[in-house]
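# Per-entry structural report
The chain contents come next:
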Amino acid sequence: MFAAHAQLRPSYDVVIIGAGGHGLASAYYLARDHGIRNIAVLDKGYLGGGNTGRNTTIIRSNYLTAEGVKFYDESVRLWKDLAQDFDLNLFYSTRGHFTLAHTDAAMRTMRWRAEVNKHFGVQSEAIDAQAVADALPMMDLSCGGRAPVLGALYHAPGAIARHDAVAWGYGRGADRRGVEIHQQTAVRSIELEDRGSGPSVVGVVTDRGRISTRKVLCAVAGATPQLLAMVGLKSPIYVHPLQAMVSEPLKPWLDPIIVSGSLHVYVSQTARGELVMGASLDPYELHSTRSTFDFAESLSMHMLEMFPFLSDVKIVRQWAGLADMTPDFAPIMGTTPVRGFYLDSGWGTWGFKATPVCGKTMSYTVASDANHPLIEGFGLDRFRRYALTGEKGAAAVGH
Amino acid sequence: MKLMTCPVNGPRLISEFVYAGELRPAPDPATSDDDTWADYVFNRSGVAGIKHEWWCHSPSGVWFIAERDTATDVIMRTFLYRAPGAAE
Ligand SMILES: Cc1cc2nc3c(=O)[nH]c(=O)nc-3n(C[C@H](O)[C@H](O)[C@H](O)COP(=O)(O)OP(=O)(O)OC[C@H]3O[C@@H](n4cnc5c(N)ncnc54)[C@H](O)[C@@H]3O)c2cc1C
């Protein structure tokens, strides 16, 4: 599906670090929309082997801030004709998305989100317990008597897609336009020069040799702090694992995507019939993709509170990815104080849905050396200015 | 389940503990400029390594320091905090 290149060229116009969805989408749009094709995409592992291939693929735009809603809504729009663009089935499936509220405080947040969403033309509504019961007859609305459902935020455009196909589609599209994808190529350091006007990028050192370049796009998710250390930048990013698991395949019974913040559960059923399930972040810093039994145990317990009839269904796989978290649950994107070093990071537990719009906005930002208007609320300097983009109410459990 | 040793209560399940971030010296808010303060409030050393961290054993409310490798999750030791310069 991709050309293999025996050697790195001595120089490229742009070097993209990370062949996940974000890096590949950026390469694709740089080549397709900006005419920049002398690009290398480097990955220390294999294409799509990072969080792109580990995520639970929820796509939605029912966020809380104006910046977030506009950004994710543009992404949902881009998703719709992507399969056509790629000539590849992405199994993009619009299911509808319910975020359950079990407390008055949660209900208030749902109403708030619904109003912000509607203001920007995004379909969202706060619904009451009866409407939830009508839509989700398979669920125990009392949740085992422990956390009765009071209502929900319903978001009709909520969708899932096949994550691997997204990486392959962008990768193949970039590859066909002349972009070189180098897997098994780890970036060891980044060379800077300073001629008095501040540092700028001049090269990248990899375990397969050195490359000259003036532009580097860093899209490495959980490895972002290591890459930032190479160029001497500080950031608020902290890394915790995020785990997920799937059940054996079942006959289709669950069409929508269901999220419960109070029970720390979200679930959807894939086209293959597996239930894909996840919870919130692991509770402390760790740079290891190990799995824990505690996770599977507590997630199963909460699943059974909602769906007691699943008690003899088996879990068949469990895994983890490394989430690059930010204090305000919004990403960190755009130009940086190092000239020619562009950042696409802070994607934590919520960046899969943003893959197309990140590619669009980061390719623009790299090509024109200026932030795309849609990412202005996401700059690294917002912390120094205490101007946070508070997205926690819409991103802490539902990814 | 993974165990952690509380300096007061001994080995307990890791689920009994709450992680509260890396131990970091605070700049003096009266004299530090805005950039220094923002750096302290927001920026973190996100790179994996051996770190000193605040933890709390929540059933007993004991706060203490753990020395832990954030690449492997190996806990080297745990001990009660003593402020720099405090008497023995
Ligand atoms: C369990 C889980 C569930 C999730 N669920 C959702 C969800 O439902 N919806 C949603 O929108 N988001 C979700 N996310 C978040 C989403 O997966 C990520 O935000 C997104 O996939 C990030 O894509 P990326 O291309 O930036 O990073 P990645 O796909 O992680 O790619 C980064 C690449 O960089 C490479 N790399 C790292 N260091 C180096 C180096 N030094 N040199 C060369 N290459 C390097 C890595 O090998 C990796 O392939 C979830 C994440 C996890 C872990």
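Structure: above.
So, a few notes on the structure that sits alongside this text. (Residues numbered from 1 in each chain as written. Chains lettered and ligands numbered in written order. Predicted model: local features only at pLDDT ≥ 70, side-chain atom pairs only at ≥ 80, totals over all residues. Heavy atoms only, no water.)

Summing up its helical and strand segments, chain B has one helix and six strands in all. With the C-alpha coordinates of chain B rotated into their principal frame, the extents come out at 45 × 35 × 20 Å. Sorting the 88 residues of chain B into buried and exposed places 32% on the buried side. Accessible surface, chain B as shown: approximately 5,100 Å² in total, 56% of it carbon and sulfur. (Helix = DSSP H or I, 4+ residues; strand = E, 2+ residues; numbered from the N terminus. Buried < 20%, exposed > 50% of the residue type's maximum accessible area, 1.4 Å probe, protein only. Areas by Shrake-Rupley, 256 points an atom, 1.4 Å probe, with all protein chains shown as cover.)

A word on the environment of His5 of chain A. All names here are of chain A. One can find His5 in the segment before strand 1 (14-17). In this structure, the C-alpha to C-alpha distance between His5 and Ile58, residues 53 residues apart in sequence, is 34 Å. Setting aside its immediate chain neighbours within four residues, His5 contacts Val179, Glu180, Ile181, His182 and Arg208. (Contact = heavy atoms within 4.5 Å.)

Let us look at the environment of Pro252 of chain A. Residues and elements named next belong to chain A. Relative to the helices and strands, Pro252 resides in the loop between strand 14 (238-247) and strand 15 (257-260). Classification of Pro252 by relative accessible area gives exposed; the value is 78%. Placed 17 residues apart in sequence, Pro252 and Gln269 show a C-alpha to C-alpha distance of 7.3 Å.

This brings us to the sheet that holds strand 11 (residues 199-206) of chain A. Residue and element names in this part refer to chain A. Strand order in the open sheet made by the three strands is 10-11-12, with antiparallel pairing throughout. The open sheet has two free edges, formed respectively by strand 10 (187-194) and strand 12 (209-212), since each of these has just one partner strand. Averaged over neighbouring strand pairs, the angle between their axes works out to 30° when direction is ignored. (Pairing = 2+ DSSP bridges. Axes fitted to C-alpha atoms, helices over the stretch in contact; angles between N-to-C directions.)

Residues and elements named next belong to chain A. Scanning the entire structure with this criterion turns up 26 aromatic pairs over all chains. Arranged with centres 5.7 Å apart and planes meeting at 65°, the rings of Tyr29 and Tyr170 form a pair that is edge-to-face. Of the two residues, Tyr29 sits in helix 1 (residues 21-33) while Tyr170 sits in helix 6 (residues 163-176), which places them 141 residues apart along the sequence. For the pair Tyr72 and Trp347, a centre-to-centre distance of 6.4 Å together with 85° between the ring planes defines the contact as edge-to-face. Note that Tyr72 is positioned in helix 2 (residues 66-80) and Trp347 in the loop between strand 20 (341-345) and helix 9 (355-368), a separation of 275 residues in sequence. Tyr72 sits in the buried class, given a relative accessible area of 2%. Grouping aromatic residues by their ring pairs yields a cluster made of Tyr63, Phe71, Tyr72, Trp347 and Phe378. (Phe/Tyr/Trp six-rings, centres within 6.5 Å; stacked < 30°, edge-to-face > 60°.)

So, about the sheet that holds strand 6 (residues 125-128) of chain A. Residues and elements named next belong to chain A. Spatially, the eight strands line up as an open sheet ordered 6-7-5-15-16-17-14-18, and their pairing is mixed. At either margin of the open sheet sits one strand with a lone partner, and together these are strand 6 and strand 18 (315-325). For this sheet, the mean angle separating the axes of adjacent strands, direction not counted, is 20°. Relative to strand 15, strand 5 (residues 97-101) is paired through four bridges, and the arrangement is parallel. Among the inter-strand pairings, Thr99 is bridged to a residue of strand 15, identified as Val259. Lying over the sheet, helix 8 (residues 293-306) contacts strand 5, strand 14, strand 15, strand 16 (265-269), strand 17 (275-278) and strand 18, oriented at roughly 55° with respect to strand 14.

Such coordinate-based values are descriptive only and should not be taken to indicate function.
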